[in-house]
Amino acid sequence: MALEPQASGRRWPARLRGLGIGRHVGPRSPFGAGCGEPGVHRDRRKLSRPGAGKLGLSAIIGGMQKLEAHEMPLHKVFSSDYDFQIPDYQRPYAWQEEQAVQLLTDLQEALDRGTDEPYFLGSVVLVKNGGAPRADVIDGQQRLTTLTILLSVLRDLTEDPELRGDLDRLVMEPGAKIRGLAPRPRLTLRSRDADFFGKYVQTKDAVGTLLTLKEDALRTDAQKAILRNATVLYRSLSASPEEDRLRLAQMLAERTFLVVVSTPDLDSAHRIFSVMNSRGLDLSPTDIFKSRIIGDLGPEASDECATVWEDAEEMLGRDDFAELFLHLRMIFAKKRAEQELLKEFPEQVLSRYLPGKAEVFVHDVVRPYADAYGRIREARYESASGADAVNAWFRRLQQVDNYDWRPAALWALRHHEHDPVWLDAFMRALERLSASLFIRREYTTPRVRRYAELLRQLDDGQGLDSPALELTDDEKADTRARLDGDLYLVGKIRKYVLLRLDELLARGQGVTYNHGLITVEHVLPQNPGSGSRWTALFDEEQRARWTHRLGNLVLLNRAKNSAAQNYDFAEKKAKYFTGRGGVVPFALTSQVLQHAEWTPGLLGARQDELIGVLAEEWRL
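Just so it is clear, the structure is predicted and the values come from calculations on it, not from any experiment.

One pass over the structure, following the stated rule, counts 20 aromatic pairs. Measuring from ring centre to ring centre gives 6.2 Å for Trp-534 and Phe-569, while their planes differ by 75°; the resulting arrangement is edge-to-face. Taken as a pair, Trp-534 in helix 24 (residues 533–537) and Phe-569 in helix 26 (residues 569–577) lie far apart in primary sequence, 35 residues in all. Residue class for Phe-569 comes out buried when judged on its relative accessible area of 4%. Members of the aromatic cluster, connected to one another through ring pairs, are Phe-289, Trp-309, Phe-321, Phe-325, Phe-332, Phe-345, Tyr-353 and Phe-361. If you follow Arg-406 out to its NZ or CZ, it ends over the ring of Tyr-403, 3.8 Å from the centre.

Printed below as a string of structure tokens:
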């Protein structure tokens, strides 16, 4: 929904993220939709002060008499006042390990700063009638579910009976006969997952049992996500001392806040997040920065700079222009964001130009970086020679599932615009680094720190010799091992790797793939028929070894066909792998058609060959 991180990597508009609305605490996002702040998987921002939570909400709520919005600490959110219910029409729980780890990392970093500053996690939107506790969650399911998992893990880890009881009361309503309250979970998931969540997460001492379950035995993707996230949170927190877990629990209960927006009817609830996700919050951080910059100038200069600013915004579009300022913050600060853009950008960037240098900021920062952003986004770098090679790297980098590499690319284009040879070499190294981080599924925080270190080294003049661009021996080995594993099962990276490999096999620089649909298919099928030739050629052990590995995968520009997937090899080549008129648009697939038989020995040789091609390209 409007304020939730999406598993698909969807990004919230940057103007909302900069205001502290809709922070991804894990992806494009993005993530999510990228993307966003360098160092944040498809965009993750946080509210970090009480006023930020209301910024924009008052504009939304104005005139809506039925709506209420309150900033609440978690001990009030997870209380008898609310009986959270996830309606069955909502999408299932879908946060991944990266989001769960990012949430915990953000909380721990806020704790380590040692201030009493409130920590805001964004908003939830509810349908709730007056004082009745039942609250249907319209937006905020992912956040509430992950917080419940986190509280349950903390409860089951502690050896302090009093703390265990306090944490359990945040997870479970103990009931009170005198008040007519029955015992119940604070949060009830959709009907397909509610019993599982109650039995293995919310029940006291249940997390240990949850961690013994096998993912393959679970019924739904939501249950698998719950298991994975509980596992990663348990692993991280069990390594912390008891006193650190106590401090985290205290912070969660007392100074971690949500903005709780409630309305008595579904239409109003849908209206509020529709407004929050549209032009209802037209005032973005860049508008505020613009007013400060223009306000520092005389009449003539202010008119000229306003025109330059507005031209840049129009060229990129409002959301990408706001995205640019997230990247600019990273380029100047060279560290991961800790607070919302509205607070950090004036301190880390504008303070260098105000007062007295506002015109320099517009002409030396906004205009050239906006131009660089557009050329990277659209792969339209121009030069008398070498432009095609540079643009090919831009297109390759765009296929990574985050935009954390963009600040370094922006810096390079800004400082070496007229040196295509240098840009070609740098973008090659940047793509290699980004590909390795992507394939190894590096978490957001270490990934961003790596790019921040690279920016520091670039500013120090180390250029192409920047150590952060290089992969360690362990990183090379890990990248190669993941490429050599069950690649098909890692959905996020398999198409990226195969398209990159196909380009190398085609021996074409910057090959483009403009097919409306590209799918990844197996040669040896996942579930061959019992009487097929596949079962004669491959025994069960060999099928388990080879089915999902790189050598057994091809690209098709057609929808998957469940019947054709199980054809024997000759029929599969003729009827499924060959396109209209006998044309096969992928080099990877063309190679397969050259073979008369598909055997374990051939697969082994092909696997080694393809891994070798990638290892040579990425110097693994």
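Alright, that's what it looks like, and here's the rest.
This next bit is on the sheet that holds strand 7 (residues 187–188). Strands sit in the order 1-8-3-4-2-7 across an open sheet of six strands; the sheet is mixed. In this open sheet, the two strands that pair with only one neighbour each are strand 1 (68–73) and strand 7. Bridge count between strand 1 and strand 8 (residues 256–263): six bridges; the pairing is antiparallel. Bridging from a neighbouring strand, Pro-73 pairs with Phe-257 of strand 8.

What follows covers the pairing of strand 4 (residues 134–139). A large share of strand 4 lies buried, amounting to five of its six residues. Here four bridges tie strand 3 (residues 119–128) to strand 4, and the two strands are oriented antiparallel to one another. Across the sheet, residue Val-125 finds its bridge partner in strand 4, namely Asp-139. Between strand 3 and strand 4, which follow one another and run antiparallel, lie five residues, and Gly-130 among them has a positive phi close to 50°.

Tallied over the entire structure, the rule returns 41 salt bridges. Residues Asp-166 and Arg-169 are paired through a salt bridge, measuring 2.6 Å at the closest nitrogen-oxygen approach. In this pair, Asp-166 and Arg-169 are both assigned in helix 7 (residues 161–171), three residues apart and thus about one turn of the helix distant. The class for Asp-166 is partly exposed, based on a relative accessible area of 37%. Measuring nitrogen to oxygen at the nearest pair gives 2.4 Å for the salt bridge that ties Arg-396 to Glu-503. Of this pair, Arg-396 sits in helix 18 (residues 387–397) while Glu-503 sits in helix 23 (residues 491–506), and the two are 107 residues apart along the sequence.

What follows concerns a negative patch on the surface. Taken together, the side chains of Glu-300, Asp-303, Glu-304 and Glu-359 define an acidic patch exposed on the protein surface. Sort the elements by how many residues they give to the negative patch and helix 14 (residues 299–316) lands first, with three residues. Counting through the fold element by element, Glu-359 comes out in helix 17 (residues 358–378). Owing to a relative accessible area of 33%, Glu-359 belongs among the partly exposed residues under this scheme.

To continue, consider the nonpolar core. Considering soluble globular proteins, one finds that nonpolar side chains tend to be buried as a cluster. Counting 96 residues, the largest nonpolar core has Phe-325, Phe-361, Phe-426, Met-427 and Leu-430 as its most contacted members. Among the elements that line this core, the one with the most residues is helix 20 (residues 420–439), at 11 residues. When neighbours within four sequence positions are excluded, Phe-426 is seen to be in contact with Ala-408, Ala-412, Leu-454, Leu-458, Leu-464 and Leu-469.

Time to look at unusual backbone geometry. The residue after Leu-354, namely Pro-355, is reached through a cis peptide bond having omega -5°. Within the secondary structure, Pro-355 sits in the loop between helix 16 (341–348) and helix 17. Backbone geometry at Asp-205 places phi at a positive 70°, although glycine is not the residue there. You can see Asp-205 is positioned in the loop between helix 8 (191–202) and helix 9 (207–210). Phi at Arg-619 takes a positive value of approximately 50°, unusual for a residue other than glycine. Within the fold, Arg-619 resides in the segment after helix 28 (600–617).

Once that is clear, we can look at helix 23. The first and last C-alpha atoms of helix 23 sit 23 Å apart over 16 residues, in line with the 22 Å expected at 1.5 Å per residue. Residues of helix 23 that are buried include every one of Ile-493, Tyr-496, Val-497, Leu-498, Leu-499, Arg-500, Leu-501, Asp-502, Glu-503, Leu-504 and Leu-505, and no others.

Right, let's talk about the environment of Ser-238 for a bit. Relative to the helices and strands, Ser-238 is located in helix 10 (residues 221–238). Excluding residues that lie within four positions of it along the chain, Ser-238 makes contacts with Leu-157 and Arg-245.

What follows covers the side chain of Lys-476. As for its position among the elements, Lys-476 is in helix 22 (residues 473–483). For the buried residue Lys-476, which engages in no salt bridge, the nearest side chain bearing the opposite charge is Asp-473, 4.2 Å off. Those residues in contact with Lys-476, other than ones at most four positions away along the chain, are Arg-432, Leu-471, Arg-619 and Leu-620.

Attention shifts here to the side chain of Glu-344. By the element assignment, Glu-344 lies in helix 16. Apart from the residues lying within four places of it in its own chain, the contact partners of Glu-344 are Arg-329, Ala-337, Glu-338, Gln-339 and Val-349.

Another point: helix 21 (residues 444–459). With 16 residues, helix 21 extends 23 Å between its outermost C-alpha atoms, agreeing within 8% with the 22 Å of an ideal straight helix rising 1.5 Å per residue. Where helix 21 is concerned, the buried positions are Thr-444, Thr-445, Arg-447, Val-448, Arg-450, Tyr-451, Ala-452, Leu-454, Leu-455, Gln-457 and Leu-458.

Rules of the game
- Residues numbered from 1 in each chain as written.
- Predicted model: local features only at pLDDT ≥ 70, side-chain atom pairs only at ≥ 80, totals over all residues.
- Heavy atoms only, no water.
- Phe/Tyr/Trp six-rings, centres within 6.5 Å; stacked < 30°, edge-to-face > 60°.
- Helix = DSSP H or I, 4+ residues; strand = E, 2+ residues; numbered from the N terminus.
- Buried < 20%, exposed > 50% of the residue type's maximum accessible area, 1.4 Å probe, protein only.
- Lys NZ or Arg CZ within 6 Å of the ring centre and 35° of its normal.
- Pairing = 2+ DSSP bridges.
- Salt bridge = Lys/Arg side-chain N within 4 Å of Asp/Glu carboxyl O.
- Patch = residues over 30% accessible without salt bridge, like charges linked within 9 Å, V, L, I, M, F, W, Y side chains within 5 Å.
- Areas by Shrake-Rupley, 256 points an atom, 1.4 Å probe, with all protein chains shown as cover.
- Lys, Arg positive; Asp, Glu negative; His and termini not counted.
- Charge placed at Lys NZ, Arg CZ, Asp CG, Glu CD.
- Core = buried A, V, L, I, M, F, W, Y, C linked by side-chain atoms within 4.5 Å.
- Contact = heavy atoms within 4.5 Å.
- Expected span 1.5 Å × (residues − 1).

Purely geometric stuff here, so don't read any function into it on its own.
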